[in-house]
Amino acid sequence: MVSNLAGGRPPRQAAESGAQLGALEAYAAQAHGFLSAGGEQLTQLAGLLRPLVLESWLRSVRGGVDPTDVVDGRGLRGADLVRYRDAHPIAALMPLIDKLLVQDAARAGLIVTVADQFGRVLSVHGHPEQVAAVAEIGVREGDDLSERRVGTNAVGLVVRSGRATWIHGPEHFLHRMHQITGAAAPVHEPDGRLIGVLMIAGGMRVAKPEILALVKAAATAAEMDLVLRAMRAGREVPAPAPDATDPADNPPARLGLDVLGLGQPQLSVAGERVSLSQRHAEILLLLTEHPEGLGADHLALLLDDTDLDNGTIRAAMSRLRSVVGPSVVGSRPYRLRVHVATDVEALRAALDTGDIESALRLYAGPVLPRSAAPGICDIRDELRVRLRTAVLASRDAAVLRRWTAGPEGRDDAAAWAAYRSTVDRDSPLYAQIEAKIRVLDRRLGADATQMQRFGS
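Caption draft 1: Quick look at the confidence of the model for the protein chain. Of all residues in the protein chain, 87% attain a pLDDT of 70 or more, and the chain-wide mean is 83. This stretch, residues 1-16, has a pLDDT under 50; its non-local contacts, to residues over four places away or in other chains, come to 28 contacts. Within the model, pLDDT remains below 50 along residues 239-249, and this stretch shows eight contacts once partners closer than five positions in the same chain are excluded.

Next up, the structure:
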């Protein structure tokens, strides 16, 4: 069935391109050998893969993605998917996308995939035979194609970078996706926020520059349609960035902020990662949570409920602008002038769509765990409660096993009890879980006794 993805033989004039792709495939196959070996062999990947592919592979390794992962039933399905897709902003663009991309691609034996801003597939278009073929390898309506879930792929890279790209065959991190080539481009709101991704998928001819140009043109047309809709509705449309040589006048279209876990907060700018101080990370995260902007007094209260004056806030903002660029943060009120994609936002999106496994994979730890800022503590508590509630409600053995193995769930008696309910009473694992619960019960009893002794 997968052979049906090719959509016909590549044209003769693509012979040179085909030879180049053959070399790319050979190097990528060698890279997969080193990937399977793991450990120090991963250092051999450099030079075998294109730089953006290498960086994505290494992120996939760090994120725990398994290259041999198989297609499963996870994803948004049925009525939940229909409601989500119909309410999504890109739904209004589908007639245009169908006219510019879907009809011609289907006639050519290619597939068009439309995904949301997080990489969730909203729809797959093409001849039924080809649609069924890509479904077999995990490109189905409702599936998550983000890099964190399935590793290197065209949709996932666009979501991460905000830029058009293509991924060919064995450049994909997952073995099951080696039969396809994908060319994808982002669709942005007039204010610069990513709202979706368009991808053409098929055989090796999709790696031709003309295909990437086609999908980019369709994405640009969709963006122009959004601008016209905003103008008709009387909404303010941001002016295009001025054509200037000073990079300070041109803020980056997309930034990324990672604040989960014990590591140093990280800012991603055009694919480059920059370490942030805790205060700068706190300010950026709070601004992402308040897109309408924050006055100096309000921001001061969210950062410190004791004594933080406006002068201190102005100094902190000045230092932040020296790191992220002077055009990223506006004033009066303080607000972000570009979209900043955060791992907090991605985790919430996974929870919103019921993808608890992806949410757990994303949850590297609490939000800025060393921060005592009241606004950050609220975000941290809200996220942890939402995640724990979803884990307990899932009644999924794999999800509960992962939660109880981590620092947040290691001593969570309710989670262990839920895990026990998913295990066969006659299995050795049941006895191990039972023993853990008894330890937690004894510890809880001892803590209660100590509290009574001290009159608590």
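Caption draft 2: The packing of aromatic side chains, seen in detail. Using the criterion set out here, one finds two aromatic pairs in the structure. Considering the side-chain rings of Trp57 and Phe173, the 5.8 Å spacing of their centres and the 85 degrees angle between planes classify their relative orientation as edge-to-face. Residue Trp57 is found in helix H2 (residues 51-62), and its partner Phe173 is found in the loop between strand S3 (165-168) and strand S4 (181-188); the two are separated by 116 residues along the sequence. Here Trp57 and Phe173 have matching classes, each one buried. On the basis of an interplanar angle of 40 degrees and a centroid distance of 6.1 Å, the ring pair of Trp416 and Tyr419 is categorised as tilted. A residue pair is termed a helical-turn pair when its members lie 3 or 4 positions apart in one helix, as Trp416 and Tyr419 do in helix H16 (residues 413-420) at three residues. Residues Trp416 and Tyr419 agree in their burial class; the two are buried. Over the face of the ring belonging to Trp166 we find Arg50, whose NZ or CZ atom lies 3.9 Å from the ring centre.

Caption draft 3: The arrangement of the packing of helix H12 (residues 343-352) against helix H14 (residues 374-394) in detail. Between H12 and H14, the shortest axis-to-axis distance is 11 Å and the interhelical angle comes to 30 degrees. As the angle between them shows, H12 and H14 are arranged roughly parallel. Handedness of the H12/H14 crossing: left-handed. Where H12 abuts H14, its residues Val344, Leu347, Arg348, Leu351 and Asp352 lie against Ile379, Glu382, Leu383, Arg386, Leu387 and Ala390. Taken together, the residues of the contact of H12 with H14 sort by class into seven nonpolar, no polar and four charged.

Caption draft 4: Geometry of the environment of Val61. When you line up the elements, Val61 lands in helix H2. A residue is classified by how much of its surface remains accessible, and Val61, at 31% relative accessible area, is partly exposed. Between the C-alpha atom of Val61 and that of Leu42, which follows or precedes it by 19 residues, the distance is 9.6 Å. Among residues more than four places away in sequence, those in contact with Val61 are Leu35, Leu42 and Phe173.

Caption draft 5: Broad picture of the pairing of S4. Counted residue by residue, S4 has eight buried out of eight residues, so it is predominantly covered. Here S4 shows two buried faces, one formed by Thr181, Ala183, Ala185 and Val187 and the other by Gly182, Ala184, Pro186 and His188. Judged from the four bridges that link them, S3 and S4 form a sheet pairing that is antiparallel. When the sheet's bridge partners are listed, His168 is paired in S4 with Thr181. Hairpin geometry of S4 and strand S5 (residues 194-202) is characterised by an intervening segment of five residues between the two adjacent antiparallel strands and by a positive phi of about 100 degrees at Gly192.

Caption draft 6: Expanded view of unusual backbone geometry. With a phi close to 35 degrees, Leu368 is a non-glycine residue in the positive phi region. The backbone of Arg395 shows a phi angle near 55 degrees, a positive value even though the residue is not glycine. Along the chain, Arg395 falls in the loop between H14 and helix H15 (397-405). Residue Arg395 is classed as exposed on the basis of its relative accessible area of 52%.

Caption draft 7: Fine view of the nonpolar core. Core analysis: the biggest nonpolar cluster contains 60 residues, and Leu285, Met317 and Val367 have the highest contact counts within it. Of all the elements, H14 adds the most residues to this core, at seven residues. Sequence-distant contacts of Leu285, that is, excluding residues within four places in its chain, are made with Leu257, Val259, Thr342, Val344, Val367, Leu368, Ile376 and Ile379. Ranked by size, the runner-up nonpolar core spans 34 residues in total, among them Val53, Leu54, Ala154 and Ala184.

Caption draft 8: Structural detail: the environment of Ser36. Mapping Ser36 onto the fold places it in helix H1 (residues 15-37). With relative accessibility at 59%, the residue Ser36 sits in the exposed group. Each C-alpha atom, one on Ser36 and one on Asp66, is 9.9 Å from the other, the two residues being 30 residues apart in sequence.

Caption draft 9: Expanded view of the sheet that holds strand S2 (residues 121-125). Spatial strand order, S2-S1-S5-S4-S3: five strands in an open sheet with antiparallel pairing. The two strands at the open ends of the sheet, each matched to only one other strand, are S2 and S3. Neighbour-to-neighbour, the strand axes of this sheet turn through a mean angle of 20 degrees, independent of strand direction. Of the strands in this sheet, strand S1 (111-116), S2 and S5 touch helix H4 (residues 94-107), which is tilted by about 150 degrees from S1.

Caption draft 10: Representation of the side chain of Asp355 within the structure. Mapping Asp355 onto the fold places it in the loop between H12 and helix H13 (356-362). In this structure Asp355 touches Arg120, Asp144 and Ala350, once residues within four positions along its chain are discounted.

Caption draft 11: Up close: helix H8 (residues 209-232). Helix length check: H8, at 24 residues, gives a terminal C-alpha distance of 35 Å against a target of 34 Å (1.5 Å per residue), a fit within 8%. Listing the buried residues of H8 in full gives Ile211, Leu212, Val215, Ala218, Ala219, Ala222, Glu223, Asp225, Leu226, Val227 and Ala230. Looking at the buried residues of H8, the elements they touch are H4, S3, S4 and S5.

Caption draft 12: Structural view of the environment of Ser60. Looking at the element boundaries, Ser60 is found in helix H2. Residue Ser60 is classed as buried on the basis of its relative accessible area, which comes to 1%. Measuring from C-alpha to C-alpha, the distance between Ser60 and Leu174 comes to 9.9 Å, with 114 residues separating the pair along the chain. Residues contacting Ser60, with those up to four places away along its chain left out, are Val65, Glu147, Gly151, Thr152 and Phe173.

Quick notes on the rules
By convention here, each chain's residues receive numbers from 1 onward along its written sequence. Thresholds applied to this predicted model are a pLDDT of at least 70 for local features of residues and 80 or more for the giving and counting of side-chain atom pairs; totals over whole chains, interfaces and linings are not thresholded and use all residues. Side-chain numbers come from the whole structure's heavy atoms, not from hydrogens or water. For every residue, the predictor states its confidence as a pLDDT score lying anywhere from 0 to 100. Whether two residues are in contact is decided by their heavy atoms, any of which lying within 4.5 Å being enough. Stacked, tilted and edge-to-face pairs are distinguished by plane angle, under 30 degrees for stacked and over 60 for edge-to-face with tilted covering the rest, among Phe, Tyr and Trp rings (Trp via its six-membered ring) whose centres lie within 6.5 Å. Helix and strand assignments follow DSSP, with helices taken as H or I runs no shorter than four residues and strands as E runs no shorter than two, numbered in order from the N terminus. Relative accessibility under 20% of the residue-type maximum defines a buried residue, over 50% an exposed one, and the middle range a partly exposed one, all with a 1.4 Å probe and only protein chains included. The criterion for a charge sitting over a ring is simple: Lys NZ or Arg CZ within 6 Å of the ring centre, and within 35 degrees of the ring normal. Axes, fitted as lines to C-alpha atoms, cover a helix only where it is in contact. Angles between the N-to-C directions of the axes lie from 0 to 180 degrees. Any angle between 65 and 115 degrees counts as roughly perpendicular, while under 35 counts as roughly parallel, over 145 as roughly antiparallel, and the rest as oblique. A clockwise turn of the near helix away from the far one marks a right-handed crossing, whereas an anticlockwise turn of less than a right angle marks a left-handed crossing. Gly is placed with the polar residues, together with every amino acid not listed as nonpolar (Ala, Val, Leu, Ile, Met, Phe, Trp, Tyr, Cys and Pro) or charged (Asp, Glu, Lys and Arg). Two strands qualify as a pair provided that DSSP identifies no fewer than 2 bridges between them. Joining through side-chain atoms within 4.5 Å is the link that ties buried Ala, Val, Leu, Ile, Met, Phe, Trp, Tyr and Cys residues into a set, and such a set is a nonpolar core. Multiplying one less than the number of residues by 1.5 Å gives the expected span of a helix.

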